[in-house]
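# Structural description and commentary
Each chain is listed here by its residues.
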Amino acid sequence: TKCESGCVCADGLYENLDGRCVPAEECPCEYGGLAYGRGEQIQTECEICTCTKGKWKCVQKTRCSSTCNLYGEGHITTFDGQRFVFDGNCEYILAMDGCSVNRPISSFKIVTENVICGKSGVTCSRSISIYLGNLTIILKDETFAISGENPGVRYKVKKNALHLMFDIIIPGKYNMTLIWNKHMNFFIKISRETQETICGLCGNYNGNMKDDFETRSKYVASNELEFVNSWKENPLCGDVYFVVDPCSKNPYRKAWAEKTCSIINSHVFSACHNKVNRMPYYEACVRDSCGCDIGGDCQCMCEAIAVYALACLEKGVCIDWRTPDFCREF
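Residues numbered from 1 in each chain as written. Predicted model: local features only at pLDDT ≥ 70, side-chain atom pairs only at ≥ 80, totals over all residues. Heavy atoms only, no water.

## Quick word on the overall build of the protein chain
Counting its regular elements, the protein chain contains six helices and 20 strands. In the protein chain, which comprises 330 residues, the share counted as buried stands at 44%. Sequence separation of 24 or more characterises 47% of the internal contacts of the protein chain that already satisfy a separation of 6 or more. Of the accessible surface of the protein chain, which amounts to about 16,700 Å², a share of 51% is contributed by carbon and sulfur atoms. (Helix = DSSP H or I, 4+ residues; strand = E, 2+ residues; numbered from the N terminus. Buried < 20%, exposed > 50% of the residue type's maximum accessible area, 1.4 Å probe, protein only. Contact = heavy atoms within 4.5 Å. Areas by Shrake-Rupley, 256 points an atom, 1.4 Å probe, with all protein chains shown as cover.)

## Here we look at the packing of aromatic side chains
As enumerated under the stated definition, the model contains 14 aromatic pairs in all. Ring centres 5.7 Å apart and planes at 80° place the aromatic pair Phe84 and Phe227 in the edge-to-face group. One end of the pair, Phe84, is in strand β10 (residues 83-85); the other, Phe227, is in helix α1 (residues 224-230), and 143 residues separate them in sequence. Accessibility assignment for this pair places Phe84 and Phe227 in one class, buried. (Phe/Tyr/Trp six-rings, centres within 6.5 Å; stacked < 30°, edge-to-face > 60°.)

## Looking at the sheet that holds strand β19 (residues 186-192)
The seven strands lie next to each other as β10-β9-β8-β19-β18-β17-β16, forming an open sheet whose pairing is antiparallel. Each edge of the open sheet is held by one strand with a lone partner, namely β10 and β16 (154-159). Across the sheet, the mean angle separating the axes of adjacent strands is 15° when strand polarity is ignored. Here six bridges tie strand β8 (residues 65-71) to β19, and the two strands are oriented antiparallel to one another. Bridge pairing in β19 links Asn69 to Phe187. (Pairing = 2+ DSSP bridges. Axes fitted to C-alpha atoms, helices over the stretch in contact; angles between N-to-C directions.)

## Considerations on the nonpolar core
As a rule of thumb, soluble globular proteins bury nonpolar side chains together. Leu94, Phe108, Leu132, Ile168, Ile188 and Leu201 are the most contacted members of the largest nonpolar core, which has 47 residues in total. Residue contributions to this core peak at five residues, all from strand β11 (residues 91-97). With residues near it in sequence (within four places) discarded, Leu201 still touches Ile76, Thr78, Phe84, Phe86, Tyr92, Ile93, Leu94, Phe227, Val228 and Trp231. With 29 residues, the next largest nonpolar core counts Phe187, Tyr282, Cys302 and Val307 among its residues. (Core = buried A, V, L, I, M, F, W, Y, C linked by side-chain atoms within 4.5 Å.)

## Considerations on the confidence of the model for the protein chain
For the protein chain, per-residue confidence averages 85 on the pLDDT scale, and 89% of positions sit at 70 or higher. No element of the protein chain has a lower mean pLDDT than strand β4 (residues 34-36), which averages 78, and none a higher one than strand β17 (residues 164-170), which averages 95. (pLDDT = per-residue confidence, 0-100.)

## Quick word on the state of the cysteines
This model, assessed by the stated rule, comprises ten disulfides. One disulfide bridge connects Cys247 with Cys290, the sulfur atoms lying 2.1 Å from each other. Torsion about the S-S bond of the Cys247 and Cys290 cystine: about 90°, corresponding to right-handed handedness. Of this pair, Cys247 sits in helix α2 (residues 246-249) while Cys290 sits in helix α5 (residues 279-291); the two residues are 43 residues apart in sequence, bridging distant segments of the chain. Looking at the unpaired Cys318, the closest cysteine sulfur is the one in Cys312, lying at 9.6 Å. (Disulfide = S-S within 2.5 Å.)

## Some words on the packing of helix α3 (residues 254-261) against α5
α5 packs onto α3 with a crossing angle of 140° between their chain directions and a minimal axis gap of 8 Å. Viewed along their axes, α3 and α5 adopt a mutual orientation that is oblique. In this structure, the crossing between α3 and α5 has a hand that is right-handed. Contacts from Lys254, Trp256, Ala257, Glu258 and Cys261 in α3 reach Tyr282, Cys285, Val286, Ser289 and Cys290 in α5. When the residues that make up the contact of α3 with α5 are grouped by side-chain class, the tally is seven nonpolar, one polar and two charged. (Parallel < 35°, antiparallel > 145°, perpendicular 65-115°, else oblique. Left-handed = near helix turned anticlockwise from the far one by under 90°. Nonpolar A, V, L, I, M, F, W, Y, C, P; charged D, E, K, R; others polar.)

Put into C-alpha cells, the structure is as follows:
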C-alpha cells in the first residue's frame, strides 16, 4: 500500500509516508519503523546501506566486525546479538578460539571472574584475564598488569578518564579492540581474517543468534543457565541454578531504580531512541540499581546508563548526559 503507483497518485508518482505524491527518486526507505530520505545511509558492523528510489542498496564493508558486551551484574549481548543475564561467583570463558574438534589450538582466551556485589547474591564482573599464548593481560582493581611475551602478537594500550582500551592484532587471524571501564563493563570487538570457530559466553559468532547457547560439549543448551555452567573455567565452582531478580529481593529500591533509570527513556536520549532499542538497557539499569545494595548503587546505575550511551555513540549519536549532579566524571 505504500509507494504504489497509480493507486492514489498519478501514474509515475508514488505516495510517501507523509501522504504526498513524489517521483520514484524521492521515495523514502524504511528501517526499524523509521523513514530515511534519498541518499541517507545506515551502517551495520558489516554493511553500508544507501537509500535509493525507496530501496536499500547495501555494500559489504572490506572488514566485518562484531561486538560482545559484558556489563553490569552479568548482562551479556553476544557477537550475534543474543541477550541474557547470569549470576555466578566463578571464572567464566567469555571468548576463545580453537573450539573445533579438528583444530583445538587456541590463540586467545578471555576470562571474566565474578564476585558478589549485593546481599541478594548478584555478581559484578570485576576481573578480566586475557591469555594470548605466553602473553597475559590482567584487568583488575581499576588498572592492568602484563606478564610474559608473545612476539606473534601486537598490542597497544590506550587510556582516557573513563576507559582502558587494548588494540590487539594476531596477524592473519584477528583484530581485536577490548574496552574496559575499570569496573563492571567490558566490550570485545573482533574482526577476523579467518573462519576460525569462536566459542564461550559471547557465542559462536556465526551470524545466527538462535544457536548462541552452544555449550563446551558442542550442543545447543535448552536454557541459558545450562549454557553458562558449561563455560566455567574452574569445574569445581558451583553451578548456577536460578537467576536472582534483585527488585523482588529489594522491593524498597524499585521505585528509586525506576526513577533514576528513566533518564534512558527521557528527552535527554531522544535523539537515540529511533537508533537503538532502549528497553533492554532500561530494564538492565533497573535490575542493577536494585541489586547493588551493599554500596555503589549509584555506580551500578551510572554504568548501566553508560552502556546505552555507548550503543548510541556506535550509531553516530553522541549524548551529553552526565552532569555535575548526575553520574559526573571523576
